[in-house]
Amino acid sequence: MADYKAPLRDMQFVLNEVFEVAKLWAELPALAETVDADTAAAILEEAGKVTAGSIAPLNRSGDEEGCQWTDGAVSTPAGFPEAYRTYAEGGWVGVGGDPEFGGMGMPKAISAQVEEMVHSANMSFGLYPMLTAGACLSLNAHASEELKQKYLPNMYAGVWAGSMCLTEPHAGTDLGIIRTKAEPQADGSYRISGTKIFITGGEHDLTENIIHLVLAKLPDAPAGPKGISLFVVPKVLVNADGSLGERNAVSCGSIEHKMGIKGSATCVMNFDGATGWIVDAPNKGLAAMFTMMNYERLGVGIQGLAAGERSYQSAVEYARERIQSRAPTGPVAKDKAADPIIVHPDVRRMLLTMKALNEGGRAFSSYVAMQLDTAKFSEDATTRKRAEELVALLTPVAKAFLTDVGLEACVHGQQIFGGHGYIREWGQEQLVRDVRIAQIYEGTNGIQALDLAGRKIVASGGAFYKHFADEVKAFANGAGAELAEFVEPLKAAIANLDELTAWLLEQGKANPNEIGAASVEYLHVFGYTAYAYMWALMARAAQGKEGQDEFYASKLGIARFFFARLLPRIHSLTASVKAGSESLYLLDAAQF
Ligand SMILES: Cc1cc2nc3c(=O)[nH]c(=O)nc-3n(C[C@H](O)[C@H](O)[C@H](O)COP(=O)(O)OP(=O)(O)OC[C@H]3O[C@@H](n4cnc5c(N)ncnc54)[C@H](O)[C@@H]3O)c2cc1C
């Protein structure tokens, strides 16, 4: 596998030339003093060095070795603890964390790029800081001042890690039916009892303590999602002076043996009357979790992009070197026995599909990250509300679409290697195995699609959608004639999405099955249309500069490929949406 190189030029292009992100930072008082384009460039360059230098080299060995469980203790693959220490000491765990508790305070537009780098380098490794950052977000937004003071500084510093304990053997998507109990104690703490499964980083040897955020039910809780509370449950209890005390009654019963991300410990966690403290008010646990979810779901989407990027870097190098057959139009490498496979139309199709999906995904995830920053830091209530609604709308698209096309990109990368793509030594098969989970956890992609179609489109009466559609139309209508080749198909795509959204709103009223029947394909139409907007913005930023630098010429070439070959996918997807739910209900359960 080719050595990983952080795509810094492309990240800079997206942040500075496509979105001019420094202008946004200057307008947001909380960020104006903290970050500018130069700071961002220095941070990204350093992150590129750490991820490529210390973390990427452990990707294959981590996959080969996996995690080991012995008597409740979990060891991560060789090199992980040292690399984690390096990563933590560089401040990377707390890169987006609140400076009041020792975080670096960087906007999501920057931490999203750091996440891409760490996941490209080694997705199993990247999950440990990702879960910690997610737990910190929930604590920071919802915990008492005392809990924040007690846990956040060590978590941002990477001395302690975090985990998110939601899933139980009988309750994954439907968290309303969890059974883990929390009994109030006289001293204000709670006794937590129950079993959680599939807990990423539930136990490991990277840090001296692990702070679990656990969903549980109080004795008098109402049934369903409205009766869930959130608790902080440390692996090792923390004394009043901040030192580590006794071991809490929480233990790891086993770890899962799985298809990919083998260096990430996926744990069964037993809470046997463990001591915990409530975060936020009783029965407000799901809402507290949702604060973190918009960030985390974007982060999972970025895992799809990250794997696709890593796969592309290897595939393009291989396609330039591997020689097989002659180009259809006659020999190109006349001094060789055959031509490099990059001459073949089908290999070019796969490489360009990967590149168009990766770079479209990088622009889109950065765009969503900027909305998250606006929602968090803007001092203007109207601007904040619009950004919050855009985040709500676009988060399920970012999570599901980036991971669906991330898998597609990795499968193309594997295919470009032919039989060698199926063999372990080249690394392409690991990427396919690793990225697959991103479509499943943090809410399956089917559930993301339901969230988009049901909650974000139908329940808002199309209001959230209008923010996005109006922005795209304003851009398209204001673009100059020189951008017509990109803007005309973009206009047609947004008109198609408008019509499909109106169809969904109408159908959803008549028959609730129509929403679920349409949702996955609707989300994909949305994803391609959003990428069309991104590619039109990138084309605008590149146009006129193509003579100076092949980077811009390449950008315009990929934009043309996207509009010619990938955007037309919306037509068949649109037809599937409009086919409705009827054909899904022709068989009864016994007839399957
Ligand atoms: C490697 C790994 C790491 C994980 N890490 C964590 C973690 O750190 N913390 C944590 O709490 N959990 C974690 N999970 C759990 C993960 O989030 C769940 O597996 C996931 O949310 C799906 O739940 P489930 O497996 O119970 O599937 P189910 O909920 O049983 O779903 C089965 C299928 O039915 C579909 N389905 C369910 N309900 C509906 C519906 N209403 N409409 C349409 N389709 C529906 C689903 O989309 C899916 O295709 C992890 C899982 C794995 C495998």
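Small disclaimer: the values here were computed from a predicted structure and weren't measured. (Residues numbered from 1 in each chain as written. Predicted model: local features only at pLDDT ≥ 70, side-chain atom pairs only at ≥ 80, totals over all residues. Heavy atoms only, no water.)

Quick notes on the overall build of the protein chain
So, step 1. Assigned secondary structure in the protein chain consists of 19 helices and eleven strands.
So, step 2. Rg of the C-alpha trace for the protein chain: 24 Å, near the compact-globule value of 25 Å for 592 residues, within the 12% margin.
So, step 3. By its C-alpha atoms, the protein chain is 80 × 60 × 60 Å across when sized along the principal axes.
So, step 4. Across the 592 residues of the protein chain, 58% fall into the buried class.
So, step 5. Here the analysis covers contacts within the protein chain between residues at least 6 apart in sequence; of these, 74% occur between residues at least 24 apart. (Helix = DSSP H or I, 4+ residues; strand = E, 2+ residues; numbered from the N terminus. Rg over C-alpha atoms; globule rule 2.2 N^0.38 Å. Buried < 20%, exposed > 50% of the residue type's maximum accessible area, 1.4 Å probe, protein only. Contact = heavy atoms within 4.5 Å.)

Considering the layout of surface pockets
In this approach a probe as big as a water molecule rolls over the atoms, and the regions it shows empty are the leftover space.
So, step 1. As a volume, the largest pocket reaches approximately 1,200 Å³.
So, step 2. Lining the largest pocket are 45 residues, with Thr167, Ile440, Tyr441, Glu442 and Gly443 sitting closest to its centre.
So, step 3. Every element with two or more residues in the lining of the largest pocket is listed here: helix H8 (123–142), strand S5 (190–200), helix H10 (285–321), helix H13 (428–436) and helix H14 (445–458).
So, step 4. Sorting elements by how many residues they give to the lining of the largest pocket places H10 first, with seven residues. (1 Å grid on protein atoms, 1.4 Å probe; cavity = no way out; pocket = protein on both sides within 12 Å on 5 of 7 lines; lining within 4 Å. Points joined across faces, edges and corners; volume = space filled by probe spheres on them.)

Here's the deal with the UniProt feature "domain: Acyl-CoA dehydrogenase/oxidase N-terminal" (unreviewed entry) in the protein chain
So, step 1. Annotation from UniProt places "domain: Acyl-CoA dehydrogenase/oxidase N-terminal" (unreviewed entry) at residues 80–158.
So, step 2. Note that residues 80–158 is 71% helix and 0% strand, and that its end C-alpha atoms are spaced 13 Å apart. (UniProt positions renumbered as here; feature names shortened; annotations may be inferred.)

Here's the deal with the site of the ligand
So, step 1. The immediate surroundings of the ligand are formed by 19 residues, with Thr167, Thr173, Phe198, Thr200 and Thr444 found nearest.
So, step 2. With respect to the ligand, the backbone of leucine 166 contributes an N or O atom lying 2.9 Å from an oxygen atom.
So, step 3. One of the side-chain N or O atoms of threonine 444 is found 2.7 Å from an oxygen atom in the ligand.
So, step 4. With the chains in place, 61% of the 980 Å² that the ligand exposes on its own is no longer accessible.
So, step 5. Among the detected pockets, the ligand sits in the largest pocket.
So, step 6. Among the elements that line the shell around the ligand, the one with the most residues is S5, at three residues.
So, step 7. Split into classes, the residues belonging to the shell around the ligand amount to eleven nonpolar, six polar and two charged. (Near = heavy atom within 4 Å. Polar contact = N/O pair within 3.5 Å; in protein donor to acceptor, adjacent residues only side chain to side chain. Areas by Shrake-Rupley, 256 points an atom, 1.4 Å probe, with all protein chains shown as cover. Sits in = over half its atoms within 2 Å of the grid points. Nonpolar A, V, L, I, M, F, W, Y, C, P; charged D, E, K, R; others polar.)

Topic: the side chain of glutamine 303
So, step 1. If you trace the backbone, glutamine 303 turns up in helix H10.
So, step 2. Overall, the relative accessible area of 0% leaves glutamine 303 in the buried class.

Re the environment of glycine 253
So, step 1. Examined against the element boundaries, glycine 253 turns out to sit in strand S10 (residues 250–255).
So, step 2. According to the relative accessible area criterion, glycine 253 is partly exposed, its value standing at 30%.
So, step 3. Along the backbone, glycine 253 and aspartate 71 are 182 residues apart, and their C-alpha atoms lie at a distance of 8.2 Å.
So, step 4. Ignoring anything within four residues of it in the chain, the contact list for glycine 253 reads Trp69, Val268 and Asn270.

Things to note about the UniProt feature "domain: Acyl-CoA dehydrogenase/oxidase C-terminal" (unreviewed entry) in the protein chain
So, step 1. The sites that UniProt annotates as "domain: Acyl-CoA dehydrogenase/oxidase C-terminal" (unreviewed entry) are residues 283–454.
So, step 2. As annotated, residues 283–454 has a helix share of 73% and a strand share of 0%, and its two end C-alpha atoms lie 24 Å apart.

Overview of the pattern of salt bridges
Pairing between side chains becomes possible if they bear opposite charge and their charged atoms approach one another.
So, step 1. For the structure on display, the rule yields 33 salt bridges.
So, step 2. Between lysine 555 and aspartate 10 there is a salt bridge, with the nearest N and O atoms lying 2.5 Å from each other. Of this pair, lysine 555 sits in helix H18 (residues 550–566) while aspartate 10 sits in helix H1 (residues 8–18), and the two are 545 residues apart along the sequence.
So, step 3. We classify lysine 555 as buried; its relative accessible area is 2%.
So, step 4. Two residues, arginine 424 and aspartate 63, come together in a salt bridge whose shortest N-O distance is 2.8 Å. Highlighted residues: arginine 424 in the loop between helix H12 (381–416) and H13 and aspartate 63 in helix H5 (residues 59–65), separated in sequence by 361 residues. (Salt bridge = Lys/Arg side-chain N within 4 Å of Asp/Glu carboxyl O.)

Considering empty space enclosed by the protein
So, step 1. Scanning the entire structure with this criterion turns up two cavities of 30 Å³ or more.
So, step 2. Its volume calculated, the largest cavity comes out at about 60 Å³.
So, step 3. In terms of lining residues, the largest cavity is bounded by Asn59, His119, Ser120, Ala121, Asn122, Met123, Gln303, Ala306, Ala307, Leu431, Asp434 and Val435.
So, step 4. When the residues that make up the lining of the largest cavity are grouped by side-chain class, the tally is six nonpolar, five polar and one charged.
So, step 5. There is about 40 Å³ of room inside the second largest cavity.

Points about the nonpolar core
So, step 1. Membership of the largest hydrophobic core comes to 140 residues, with the highest contact counts inside it found for Phe364, Tyr367, Phe468, Tyr522, Phe526 and Phe562.
So, step 2. Looking at this core element by element, the count peaks at 19 residues for helix H17 (residues 513–542).
So, step 3. When near neighbours in sequence (up to four residues on either side) are disregarded, phenylalanine 562 contacts Ala356, Tyr528, Tyr531, Ala532, Trp535, Leu567 and Pro568.
So, step 4. In this structure, Leu131, Tyr151, Ile211 and Met293 belong to the second largest nonpolar core, which totals 37 residues. (Core = buried A, V, L, I, M, F, W, Y, C linked by side-chain atoms within 4.5 Å.)

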